[in-house]
Every structure is written in structure tokens, then in C-alpha cells.
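Spelled out, the chains give:
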4 protein chains.
Amino acid sequence: MDKAGLRVTVWGENLHEQQDPAVRAIYPDGMHTTIAAGIRQHLGADASVVRTATFDQPQHGLSEAILAETDVLTWWGHKAHNRVDDGVVERIHERILLGMGLVVLHSGHESKIFRRLMGTTCVLRWREAGEREVVWTVSPGHPITRGLPEVFIIPEQEMYGEHFDIPQPDELVFISSFSGGEVFRSGCAFRRGRGRIFYFSPGHETHPVYHQPEVRLVIANAVRWVGTVSFQPSSRINGGHLFRPRIAEGHSHTNENNPPTTPTLIAAPVPNCSPSTPPSRIPSVPDAACATVRLA
Amino acid sequence: MDKAGLRVTVWGENLHEQQDPAVRAIYPDGMHTTIAAGIRQHLGADASVVRTATFDQPQHGLSEAILAETDVLTWWGHKAHNRVDDGVVERIHERILLGMGLVVLHSGHESKIFRRLMGTTCVLRWREAGEREVVWTVSPGHPITRGLPEVFIIPEQEMYGEHFDIPQPDELVFISSFSGGEVFRSGCAFRRGRGRIFYFSPGHETHPVYHQPEVRLVIANAVRWVGTVSFQPSSRINGGHLFRPRIAEGHSHTNENNPPTTPTLIAAPVPNCSPSTPPSRIPSVPDAACATVRLA
Amino acid sequence: MDKAGLRVTVWGENLHEQQDPAVRAIYPDGMHTTIAAGIRQHLGADASVVRTATFDQPQHGLSEAILAETDVLTWWGHKAHNRVDDGVVERIHERILLGMGLVVLHSGHESKIFRRLMGTTCVLRWREAGEREVVWTVSPGHPITRGLPEVFIIPEQEMYGEHFDIPQPDELVFISSFSGGEVFRSGCAFRRGRGRIFYFSPGHETHPVYHQPEVRLVIANAVRWVGTVSFQPSSRINGGHLFRPRIAEGHSHTNENNPPTTPTLIAAPVPNCSPSTPPSRIPSVPDAACATVRLA
Amino acid sequence: MDKAGLRVTVWGENLHEQQDPAVRAIYPDGMHTTIAAGIRQHLGADASVVRTATFDQPQHGLSEAILAETDVLTWWGHKAHNRVDDGVVERIHERILLGMGLVVLHSGHESKIFRRLMGTTCVLRWREAGEREVVWTVSPGHPITRGLPEVFIIPEQEMYGEHFDIPQPDELVFISSFSGGEVFRSGCAFRRGRGRIFYFSPGHETHPVYHQPEVRLVIANAVRWVGTVSFQPSSRINGGHLFRPRIAEGHSHTNENNPPTTPTLIAAPVPNCSPSTPPSRIPSVPDAACATVRLA
């Protein structure tokens, strides 16, 4: 809905691609590059920036400055989950709760950030055997399904099967079956804080999954959907007043015909909650002292 | 938790069994008899009554008196959905909202009572080809999964596939796959009013599904689970006072040490809401006049 | 996301306004006119049409032609719930399941269409005493909260209190408190079929609630949100093939680098499911015969 | 449903009671003792053990041995959240995901264990002013509401208000209002892994809340409800085979009448997943090597 385009950061671990020629043959410039291209292809002008970041970069390419200019982050990782810096994870976590969108792909299910958001182990059943995955839509009105057929096939994929140890998704969008008879909740939408999260399981590195049109469309739709909640100009996120009602004195209960003469909601003076913090800053910690307000 | 056993009514349409020798060979006494036997087998003394009722009986065997003595109703129907009496459906619906449990089986997904509770078409994809169904648990802590393996196989079943047009279940318990690659949300738990509903899809009449141990255990567990909310001795359901707080004058805000001297919650006199209705009667219509209450 | 603007139909019962001078004084042209003005004010060019319809019009102003050109319907009714034509309700229900958005306001909680969609009684506790309602956001990232303060006050309102007999909302957005100490889930989002539904409780006819800026913004945001799922060009809704996969022969499993030479998903010929039905027609009944499809 | 009684551990921080005479006057033996007494009072023989544990004890009284004999843990903490040992938190977290129930009370919303399970900040709005809290049931069929009135009053409480930064509860049971006009989701049920969690907000240390009959009943009901999922004799939790299907060779697809002659589900030999681990041991980490299984 915002006229300004989404600012997307595509994070790729980019280690398999460097270490395994078979993977590099499929993704010569890294999976992140292919994923970013798919997002650009579908979002066009609706994305003002689609940048990439990788594990080997300083701070994994996710400095405070970069995150501050990111509306949606996508995440593909696998081998180096445990080597991802805890401070970076903390920073991503905070920003998601404040409204940044997150799209987690495939083996990202075991990433620190996804496990932290879920609160569970996020383990699943798996088997690498190049099997057929059939992806079914179970929530056909969901924006993430827009333009997709009700079912599509990924010819060769790693099997991911239930039980997938996650909280019940706020909205279950896709379920996959595999040649072996397994099933998997392959498209799961979550809301945490003000942020939205979408997990999409297809994407093993040894198969050209991110070149497949339907997969690219799912990811692009997911970027749009998690990005719908961008940073609102709210006192909650701009001035350190995470919990101070934004109601200006006296006008909140106004109706058009009968402007009120006295405020009925008064935010009491809140020490240590000065609004001097510049609007662009996102508070790192909600200030409990700001949580006190009294209705008159 | 109640010491008194559950009173279960197993409803079977019982038409295929009469009309189709192949079905009768599998269920000589009707599917309902087999289903009831499985419930008795597992619930033992926890069920005080497990009776059956069928389409051909007066009022389909579901008179007001029978329903008044039913804590859990199970439902298998198919051919005669449209011939089920609307008044009986209305009566079942009311009683579920007041706390009776409902277990809907297989083709019961298109029954009047299930569609009415769901508010959607409840249609699905299907194919009769005797295919293998694999039933996976996706909510392993749910009481309905107790004693079951994480996955079990039904050797031959009718395929039921997504999209299944239901509201998102309050809890998704099982997902099935089929030989053709389809998936289906085969075990779905819902809460409506004070009642609980469980839909379980296995059970085509031409396969011996209700003789299979795992299926029998699922149904027995489901009967227990939907039956957990039996009729509470509450003013809401016994005396026509659906909305009159049950707090007796003066003791609701009592704490052990400081018994109050004055009531702080007062139910205003409510005209036309006389408590003279005998406690055993379940009100057929919530009385709007009873909805007015004032906190002092 | 669609470039074409939303087509909104604002339905108002418009009986209180004709019969009660006190209501007419607040809404001289009917509540529907005020509600429509608020939607136009906020949506601007994002709504291509904002029309109104009322109870007294033929077919209540909701002919098949009008509904076919409606992406979002808003509903305010009270006195005449039982006199709304069942055929019109059926038509609205079908269209919602196919993707039309619905915003139900205040006493619309007992309308036929809302009760049908919910499957419950939708009754609640109420009291007409012109009390203060405080509306709190509990889902701050939800698009319906965009631009709103975390809390706002409606100076005088009818009290609506729990228990509100609805299924658990798919997303709970607002909770209100009232002077008497009651609480109410005042903003509830549901998904049914491909459609989205939002219930928003403020709006008693004897108070100028629909003139209040925050209320108007909530309704406009809700119209946008339920309207996000407009009619997709899908075989499911255009050609009568509600369940025939839309995958064209052979290309669904294509990836960019390795075009397939043989289709792996084949839609079997489906008798009685001719695609000749013109694309603009919305099927009134899903055709079970179309539900059979086989993965090769 | 299990015949063996629940083993309950009531954890109390027990610092306010030692340091603040006003608190000690209300809870001379500590809040944990009062809470434990309420649970014993209501559960009777349904609880085989109700023990207590406090912050000052070694390992906070929550050694591996104690947790191994705990089916339900209740948690009240406030001042020392950050001083709770991370290893103990880790141990509790694991055990909850395996099926132990958790009841979190009042200021426990900011405990390490609750925040870890939720994945969000769990912050809220608050004010200490001894205000009236009115607790409304919004899920009247839920077992936790059994025996309670639809609404009850806590005469004096600390205000807890929205927005409460938690994931949407799997089931919302209570909503409270406060004298100041605030609302709060005061009874929230969650499922994580195989475990159940219930958060109940009443209970500020300077008010005699845990002496109040309704509050004691809520907590006792909650203990029962989260304790319903006790440790099942499953291969997933007893032998290290978290993901190995428990289906014995050949009998899973058996039906009573037609014993199969060949197994259709075969668990492949799984290296490093020896079932020699004694059944009483709960695996600390799911073994990925055990996740591979193939359906024949």
C-alpha cells in the first residue's frame, strides 16, 4: 500500500556454492543472486532495492545500517547456522518484532533467527534422494498464492517431512507430499510482534529449485506479504515510546460534528521517555518506564 | 475428569450397508456397529453408554430425549445428506454449541450439520481408486494422538485431497498423503460455542477402515477429547440465563482472609429471565432480554 | 496490489434512520451514506466505485449483477435481520467464499450472513446506556491498524460484552472495554473460503460513531484488507472447474534451465466440467464431478 | 486420563516475601506455598505430588532429577528473572517441548523461559495502583473455565494492559478489564512441541490474589489442562528415536479381519539410533541421523 518501494535484503550463506562444484553449476553466482533476481523480476518497481548479503561479509553483511534500510529480509542458510553471530541475530530479531518482514527458506528452518522466533526446536524429518515434491495450496485466498496454480510439482527435491516442530502457524498456506509418502507443511505464515514471517521449504542446494517459475513467484509474493507491515510512523517505534499512546491531547475522541473541549485520555508525564529520540531510530529495548499511562 | 462415564451416540446412515453387498460383506451389522464396538473397546468404563442411531429410524434416532442424554455424537453419512431432517439438524447444532461433542467421519464432511458448523462448502477433491493413505501426526502432544504411532498406513482408501474448503482448524492434528501425490488435512479439531468438533477423514465404505486398530484408536481418543466439555452445571445452560453471571451475591470477589461485606458485582433484575426453568432443560434460544447485566 | 480500484458496496438497513428522528438527526442521509463517505475519503482512487444499497430496494439492492461487480461488501443491519431474503443471503455467501470481502458492523453480528459464515449463534451481552468505549489494538502489525493510535475512545456507545459466541477469530485485532467493566473482542478477522471477513463492533445508531475519524479509518483499512483477495483469474472460479488444477500441460514443473519434455501432471478428462462456461460467471455450486484429477 | 496422579512442581522466586514485610504479611510462607495449597485443594488424589521449589535453592530447586519427575511446572518470578541460570532454563525448555506442562503466573511473563517459548519480548503496559480487575471468560467450553462463573472480580490488582507482545495464543480463555479502562488477554493457552503452556496474569505480590477462590480454581484447572499431555511411551521420547516411526514391522496396516502378509512400512536401519537408551531418559537433542526413514 505504501507508495515507496520495498527495500529487500536477500541473505545467502553462500558456502555450498563456493565449496561444492555441483551446487556452483546450478548457481554460479550463488543462490542469493538467483533468489534476488526472481524477486526483482516479479516486484519490479514495487521494490526500490533488492540487495544481497552473505555469511562471509563483515557482520554477515547485516550491519545496523543495512538492517535499518531493510523492510524485508530473506534467509537461506545451512552449514554455518551455529557460526552466525549472536549479536546480528539479536539485531534481526528486534527489527522483526518492530515490523520488518522475514522470509525463511528451506534449511533456514534451523537458523538461529527462526528458532528464536518460534521458541521450538524446528527439527523435521529429511532425506536426500532427489524425490518429487508436490506443493498444494490449502489457503487459496492468501496473497502468497496469487497467480499460482492450485498445485505444482518440483521434479527433484530433498524430502522434508513431518513432524515439523514449530508452533501452529497463524496461517498454513502450502502442504507438500513427497514420493516416499511423507507430507510437510511447506508454506507457513506467522506473526510475531509487528512483524510477519513466512517459511517456505523448497530449495535444496543440489536442485535448481530457485530457477523454477512457481517457486520464484511464491517467494516474490511472500516478500510482498511480509513487507505489507513496514515501519509505521508511530510513537511506538520512532521515539522510544513503545507503549505510550499516540493519541494527541484532546482529539482522539473527536467526532466530526462535536469537537471535544476536554481531553478524556491523558498520557501522564513519563520520566525517562523523552520524545527527543530522532524518529528514524528504532529503540533496542522497550522502556518499562514508558509503559505507565493512565486514562483520566 | 468427570467421574460419570460419557454417553455416546454413534450415528450411521446405514444405507450403503443395506443396498450394496460389497459394503455389507465388510460391515454385516452396519458401519455404526463396528464404530461403536471400537469406542466401547477403548473407553471401557469411561463410557457409560454407547448407543447407535440410524437414518431410517424415526427422527433418524435422534429425538430430543436421546440428544438430551448424549455427550458425544459421531456422524457417518453420505447418500442421504439432503434427506436428513432440518429440525433434527437444528437440534444437534444447538446442543453442540451448548457443549455436546461431535466427531464427523469421512463423507460426513458434506453433512448438513458439519457444513452448518463450518460456514463453508466443505467440498474437497476425491477419487475412488483404493489407494494407499499415509496418516501423519502434526500435533504430537494432542490427546487424540495418544497411543498412536507417529505415522500409520491405511492400505486402501478413497483419496480425499486439498483444497478442503473449511475454516482453518483450531488445531490441525493429522495430514494424509495418497499414492497419487495428493495431501489432505485428515484430522481437524474445531471449537464452536462450548462444543468441540473433530473431523477425521478415513473411512470409505468399501474398505475395512473401521476395523483397523489405529483408526479405532483415533476415533476413541476423539470421543474422549470432544467429550471433555460435558454439560457444566452453569446458569448459562440450565436456567435460560445464557448471559447472566453465575456469581452469587457477594462471594465472587471473596478471598480467604478477607470476606467481603458487600457485593461488588450485581446482576440487575432481569425481566423474562425467570430461573424457574428446570435445570435439566437446555434453552433453545438465547434470550436477549437476559443479556443485560450491570457491574455496580 | 491490483491496479484496478476496489468496487465497494455499502449496505445499510436504513430503517432506524427513517423511523427514529433521533437517529435521522445524526445520519440525515442514512448511516450507509456516512459510512460510504468515510471509505471514499480514505481510499480515494484505490476505490473505483463506492455505491450504497439498502433493505427497501428490490433484492435489497443486491442483485446478482450488483454483487458480480462488488469486491467488498459492508453490512449494517439490525431490525430487519429476519426479513432479509434467504436467496440474497445465499448469493452473498457464495460470493464471499469465492473471494469477495465482507465488513460486518455493530448489530450486523446477528445478521443471517454473519451467522451463516460463523456457524454459531453470534449472540453477545449488551446494554444501551451511552457508555465510554475504549478500543485497544492487540495486533499492532495488522494492516487494519495502519495510521491508528494504539488506543482510542468512543465517548458514547452501546455496550457489547463477552461472551461473544463466535469461532475463535483467525486474527484478533481490537479489544474494547466499557465503563461498566465489560470487555469485548471488537475487531475480529476471519478467512472463509477465499474470502476475508472483518467484524467491527462500534456503531450504535443513536451515537455519531461513524462520524468519528478513528472509526472511519478502521473501516477504510478493513475494506482494503478484506479486498486484497479479489477475484483471481483462476480455473477454480471462472470456468466451473472449481477443483481442476490450472497447470497447463507440461510447463508446471519447468525450471528455467531444464525444460521438461513430458508433463508429469495430467488432468484427466473430466466429464460434465466443460470449460465453455464463460469466465465471468461464478459457479453457484462446486461440481463434484470436477473433483477427480489424477497425478500421472 | 492417566490413572497415575500428576506430579506438580510449584516454583516461586520467594524474594519479595523475604524482603518486603507487606508481602510477607499476605504470604507468610511464600506465595509458592499458597499456590501449592490451592492446587492440592482442587486436585486431591489427581495429583500424586505437589512440591515447591524456589530461587535460592541449588539449581533453583530444579535439578535434572526433579524435572524428570515433574509433569507440570508452575512459575512465579519477578525480581530475579535475569539471575535464573541459563542451564536450568534450557533444561526446562527441553522438557516442555517433550510434553511437560507449564503454568506461568503474573510477572512470570518476563521470565527467561516464557520469553524463550514465545519468541517475542512479552512486554506489556502496567501500573501499580490497586485497581479492580474484572476477569471475563471468552472461551466458555475450555476445561480451564470449569466450575468458574462467566466473570469474576479481583478487588485489587496491579494493572496489566495491552499491547501484550506475545504470539497470538492458540486459545484465548480470559480477557480482563481494569478500572482505568485498560484490557488484557489475561488467560492464554499455547502449545509448543508436545507441551502445553498457560499464562494467567492475576497475582501481584502485594494483593492476596492467590487466596481468592476463583483464582485458585483457575490455576488448578490449568494444571490439569497442561498436564493432560504427560510423557507418552513413544519411541520419540524414550529411546532417542525422535523421528523413527514407532510402527512395528508389518502390523501397522493390519485390520482385524485381514492380517497383512507383507509390511508396507519399513523403518530402515538407522545408525547411531540404538534403542538401548533406557526408556526413562528424555533425549536432550533430537538426533538428526534418526530422521531418515523410508516408506517402502
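Conventions we followed
Residues numbered from 1 in each chain as written. Chains lettered and ligands numbered in written order. Predicted model: local features only at pLDDT ≥ 70, side-chain atom pairs only at ≥ 80, totals over all residues. Heavy atoms only, no water. Axes fitted to C-alpha atoms, helices over the stretch in contact; angles between N-to-C directions. Helix = DSSP H or I, 4+ residues; strand = E, 2+ residues; numbered from the N terminus. Parallel < 35°, antiparallel > 145°, perpendicular 65-115°, else oblique. Left-handed = near helix turned anticlockwise from the far one by under 90°. Contact = heavy atoms within 4.5 Å. Phe/Tyr/Trp six-rings, centres within 6.5 Å; stacked < 30°, edge-to-face > 60°. Buried < 20%, exposed > 50% of the residue type's maximum accessible area, 1.4 Å probe, protein only. Lys NZ or Arg CZ within 6 Å of the ring centre and 35° of its normal. Pairing = 2+ DSSP bridges. Buried area = accessible area lost by both parts, 1.4 Å probe. Salt bridge = Lys/Arg side-chain N within 4 Å of Asp/Glu carboxyl O. Polar contact = N/O pair within 3.5 Å; in protein donor to acceptor, adjacent residues only side chain to side chain. Nonpolar A, V, L, I, M, F, W, Y, C, P; charged D, E, K, R; others polar. Expected span 1.5 Å × (residues − 1). Least-squares fit on C-alpha atoms with pLDDT ≥ 70 in both.

Draft legend 1. Summary view of the packing of helix α3 (residues 31-43) of chain B against helix α7 (residues 213-226) of chain B. Residue and element names in this part refer to chain B. Put simply, α3 and α7 touch, their axes get as near as 9 Å, and they point 70° apart. As summarised for this structure, α3 and α7 are arranged roughly perpendicular, according to the angle between their axes. Crossing of α3 over α7 shows right-handed handedness. Residues T34, I35, A37, G38, I39, Q41, H42 and L43 of α3 touch α7, and the partners they reach there are R216, L217, I219, A220, V223 and R224.

Draft legend 2. Quick look at the packing of aromatic side chains. All names here are of chain A. For the coordinates displayed, the defined rule picks out 40 aromatic pairs over all chains. Ring geometry for F164 versus Y199: centroids 5.4 Å apart, planes at 50°, classification tilted. With F164 in the loop between β6 (151-161) and β7 (171-178) and Y199 in strand β9 (residues 195-200), the pair connects residues that are 35 residues apart, well separated along the chain. For the pair formed by F164 and Y199, the shared burial category is buried. The positively charged end of R196 is found above the aromatic ring belonging to W225, 4.4 Å away from the centroid.

Draft legend 3. Here's a closer look at the sheet that holds strand β3 (residues 72-76) of chain D. Residue and element names in this part refer to chain D. Strand order in the open sheet formed by nine strands is β2-β1-β3-β4-β9-β8-β7-β5-β6, and the pairing between neighbours is mixed. Only two strands of the sheet have a single partner each, and these edge strands are β2 (47-54) and β6 (151-161). On average, each strand axis in the sheet is tilted by 20° relative to the strand beside it, whichever way the strands run. Sheet topology places strand β5 (residues 125-137) next to β6; eight bridges connect them, and they run antiparallel. Within β6, the residue paired with W136 across the bridge is V151. Contacting β1 (6-12), β3, β4 (101-105), β6, β7 (171-178), β8 (183-192) and β9 (195-200), helix α7 (residues 213-226) crosses the sheet at an angle of about 165° to β9.

Draft legend 4. Representation of the interface of chain D and chain C in the model. Taken residue by residue, the interface counts 23 residues in chain D and 22 residues in chain C. Buried area between chain D and chain C, both sides added, is near 1,700 Å², and the carbon and sulfur share of it is 60%. Among the residues of chain D in contact with chain C, W136, Q168 and V183 of chain D are the three that bury the most area, contributing 30% of the side total. Taken together, the links from chain D to chain C amount to zero salt bridges. Here chain D and chain C share eight residue pairs in polar contact (both at pLDDT 80 or more) between them. Looking at the side of chain D that touches chain C, its residues break down into eight nonpolar, seven polar and eight charged.

Draft legend 5. Local environment of the environment of I35 of chain A. Considering the arrangement of structural elements, one finds I35 of chain A in helix α3 (residues 31-43). Sequence separation between I35 of chain A and S48 of chain A is 13 residues; the distance between their C-alpha atoms is 16 Å.

Draft legend 6. Region of interest: the pattern of salt bridges. All names here are of chain A. Taken as a whole and assessed by the stated rule, the structure comprises 44 salt bridges over all chains. Between E90 and R116 there is a salt bridge, and its shortest N-O distance comes to 2.6 Å. Highlighted residues: E90 in helix α5 (residues 86-97) and R116 in helix α6 (residues 112-118), separated in sequence by 26 residues. Residue R116 is classed as partly exposed on the basis of its relative accessible area, which comes to 34%.

Draft legend 7. Here's a closer look at α3 of chain A. Residue and element names in this part refer to chain A. Under the 1.5 Å per step criterion, the end-to-end length of α3 is 18 Å for 13 residues, consistent within 8% with the ideal 18 Å. Considered for burial, the residues of α3 that qualify are M31, H32, T34, I35, A36, G38, I39 and L43. Check the buried side of α3 and you find it contacts β1 (6-12), α1 (16-19), β2 (47-54), β3 (72-76), β4 (101-105) and α7 (213-227). Looking at the residues trailing α3, positive phi occurs at G44, about 50°.

Draft legend 8. Quick peek at the relation of the copies chain D and chain C. If you rotate chain D by 180° and push it 0.0 Å along the axis, it lands on chain C with an RMSD of 0.0 Å. Accordingly, the operation relating the two chain copies is best matched by a two-fold axis. Using C-alpha coordinates, one finds that chain D approaches the rotation axis most closely at S177 of chain D, a distance of 3.2 Å. In this assembly, 96% of the residues forming the interface of chain D have copies in chain C that are likewise at the interface, indicating an isologous arrangement.

Draft legend 9. Representation of the pairing of strand β5 (residues 125-137) of chain B in the model. Here β5 of chain B runs beside strand β7 (residues 171-178) of chain B; their pairing, made up of five bridges, is antiparallel. Bridged to T137 of chain B within β7 of chain B is F174 of chain B.

Draft legend 10. Molecular detail of the side chain of E182 of chain A. Residue and element names in this part refer to chain A. Assignment of secondary structure puts E182 in the loop between β7 and β8 (183-192). Residue E182 is classed as buried on the basis of its relative accessible area, which comes to 0%. One polar contact links E182 to R127, side chain to side chain, over a distance of 2.9 Å.

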